[in-house]
Amino acid sequence: MATALPFTRFKGAAAPEWFRLIENATAEISRHSLGAEGVVGVAAWRLDGYGPALLLNAEQPFPMASTVKIAVACRILERIAAGELALDHLLEIPEDMRVGGSLIADRFIHPGIQLSVHNLLQVMLDESDNTATDVLIQACGGVAAVTRSLEAWGVAGQRVDRDSRGILRDFFELGSGPFMNAMLEAQTRPGHVERDRSPNPAFEDDLHDVSTPFAMSTLLAELFGGRLPLAALATVLRDIMRACRTSDTRLRGLLPPETEVIDKTGTIGGVTNDVGLIVLPQGRGEIVISVFIKKGCAPCERRDRVIAEIARTAYDFFLLVS
């Protein structure tokens, strides 16, 4: 059931009128969510914290899939802010960290690759490159270090437990052999493609590598609101995520064409996610928004449409109350 909780700071419309608008918007979000044929979670509010939040299953854990890459990027920038890394620092791409289907693994097929931290962030966030992700997780100090940073930042309800290879091993039940060999073998199994796009209840009920919608929007608000130790570097992620190449039919799908969106998607099995910032027109502010779907039985295109419909509902609502 959809719920909406007002923040304590109001401006513009009188509070009673806001509650009517909140009711209408949350009812519309609930209606759109039915199209996913699964479980949908939403958390959206103004970046500046004024006004209400639109929430649906906002405290329920959802698999993050590739939206976890935002937390990894934040941890990397935290290390840069502390002087422990630099954007132009070169990192090795070991053979055993390659993940098939990634831009790096598919295009740079010979040994001896080094890429800068900045380039790795770019392909991790814009192309959702899993090889880049695992190299950066190693440079973070491992997944436990990412979770510790989230806890230190006050982001409750989000945890990082596995790298990309670990998640894919569990999802496709690859066993413990060399990753690329195991993945290639799995791709020959009947139904591999269908499994990649269909709900996996055991995987999606697992409480590893999950976030609540509220936690993800909190991380986004802390990041882009300048409240993390890496605040001076937040523009690096803003510039990269503005060029996300995997999300045209999700948050962006039904927004006016000129709308600026800064986001990151995540997809595996019945999981279809998109999270980020939507910039309102005419200087009327920005909204943080996280839309998660798990156990989605609808076709992938329909799940994308649900996210687009929810994003448009949130956009129209925050225009009214801004």
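Remember, predicted model here, so these are calculated numbers, not experimental data.

Description of the pattern of salt bridges
Then, number 1: Taken as a whole and judged by the stated rule, the model has 21 salt bridges.
Then, number 2: With its nearest N and O atoms 2.9 Å apart, the salt bridge here joins arginine 238 to glutamate 286. Of the two residues, arginine 238 sits in helix α12 (residues 234–241) while glutamate 286 sits in strand β10 (residues 286–294), which places them 48 residues apart along the sequence. In this pair, the class of arginine 238 matches that of glutamate 286, namely buried.
Then, number 3: Between aspartate 304 and arginine 250 there is a salt bridge, with its nearest N and O atoms 2.8 Å apart. Here arginine 250 lies in the loop between α12 and β8 (261–268) and aspartate 304 lies in helix α13 (residues 300–321), a separation of 54 residues in the sequence.
Then, number 4: In this structure aspartate 304 comes out as buried when scored by relative accessible area, which is 14%.

With respect to the nonpolar core
Then, number 1: If you look at the biggest cluster of nonpolar residues, it comprises 63 residues, and the most contacted ones within it are Cys74, Ile76, Leu120, Leu121, Leu136 and Leu219.
Then, number 2: In terms of residues, this core owes the most to one element, helix α2 (residues 69–81), which gives 8 residues.
Then, number 3: Excluding residues that lie within four positions of it along the chain, cysteine 74 makes contacts with Trp153, Leu219, Leu223, Leu228, Leu230 and Leu237.
Then, number 4: One finds Ala36, Val42, Ala44 and Phe317 within the second-largest nonpolar core, a separate group that totals 30 residues.

What about α2?
Since the α-helix packs 3.6 residues into each turn, any two residues three or four apart lie on the same face.
Then, number 1: Taking 1.5 Å of rise per residue, 13 residues should cover 18 Å, and α2 covers 18 Å from first to last C-alpha, within 8% of that figure.
Then, number 2: Burial of α2 is extensive: 12 of the 13 residues sit out of reach of the surface.
Then, number 3: Looking only at α2, the buried set comprises Lys69, Ile70, Ala71, Val72, Ala73, Cys74, Arg75, Ile76, Leu77, Glu78, Arg79 and Ile80.

Some words on the side chain of serine 247
Then, number 1: Relative to the helices and strands, serine 247 resides in the loop between α12 and β8.
Then, number 2: Relative accessible area serves as the criterion here: at 0%, serine 247 is assigned to the buried category.
Then, number 3: Separated by 2.9 Å, the side chains of serine 247 and aspartate 263 make a polar contact.
Then, number 4: Setting aside its immediate chain neighbours within four residues, serine 247 contacts Arg252, Asp263, Thr265 and Asp274.

Focus on the packing of aromatic side chains
Then, number 1: Tallied over the entire structure, the rule returns 5 aromatic pairs.
Then, number 2: Their ring planes at 45 degrees and their centres at 5.0 Å tell us that tryptophan 45 and phenylalanine 214 sit as a pair that is tilted. In this pair, tryptophan 45 is assigned in strand β2 (residues 39–46) and phenylalanine 214 in helix α11 (residues 213–224), connecting sequence segments 169 residues apart.
Then, number 3: Residue class for phenylalanine 214 comes out partly exposed when judged on its relative accessible area of 27%.
Then, number 4: For the ring pair phenylalanine 317 and phenylalanine 318, a centre distance of 4.9 Å and an interplane angle of 80 degrees mean the geometry is edge-to-face.
Then, number 5: The class for phenylalanine 317 is buried, based on a relative accessible area of 3%.
Then, number 6: Each residue in the set Phe171, Phe172 and Phe203 is aromatic and connected to the rest through ring pairs, giving one cluster.
Then, number 7: One cation-aromatic arrangement involves lysine 294 over phenylalanine 62; the distance from NZ or CZ to the ring centre is 4.9 Å.

What counts, and at which threshold
- Residues numbered from 1 in each chain as written.
- Predicted model: local features only at pLDDT ≥ 70, side-chain atom pairs only at ≥ 80, totals over all residues.
- Heavy atoms only, no water.
- Salt bridge = Lys/Arg side-chain N within 4 Å of Asp/Glu carboxyl O.
- Helix = DSSP H or I, 4+ residues; strand = E, 2+ residues; numbered from the N terminus.
- Buried < 20%, exposed > 50% of the residue type's maximum accessible area, 1.4 Å probe, protein only.
- Core = buried A, V, L, I, M, F, W, Y, C linked by side-chain atoms within 4.5 Å.
- Contact = heavy atoms within 4.5 Å.
- Expected span 1.5 Å × (residues − 1).
- Polar contact = N/O pair within 3.5 Å; in protein donor to acceptor, adjacent residues only side chain to side chain.
- Phe/Tyr/Trp six-rings, centres within 6.5 Å; stacked < 30°, edge-to-face > 60°.
- Lys NZ or Arg CZ within 6 Å of the ring centre and 35° of its normal.

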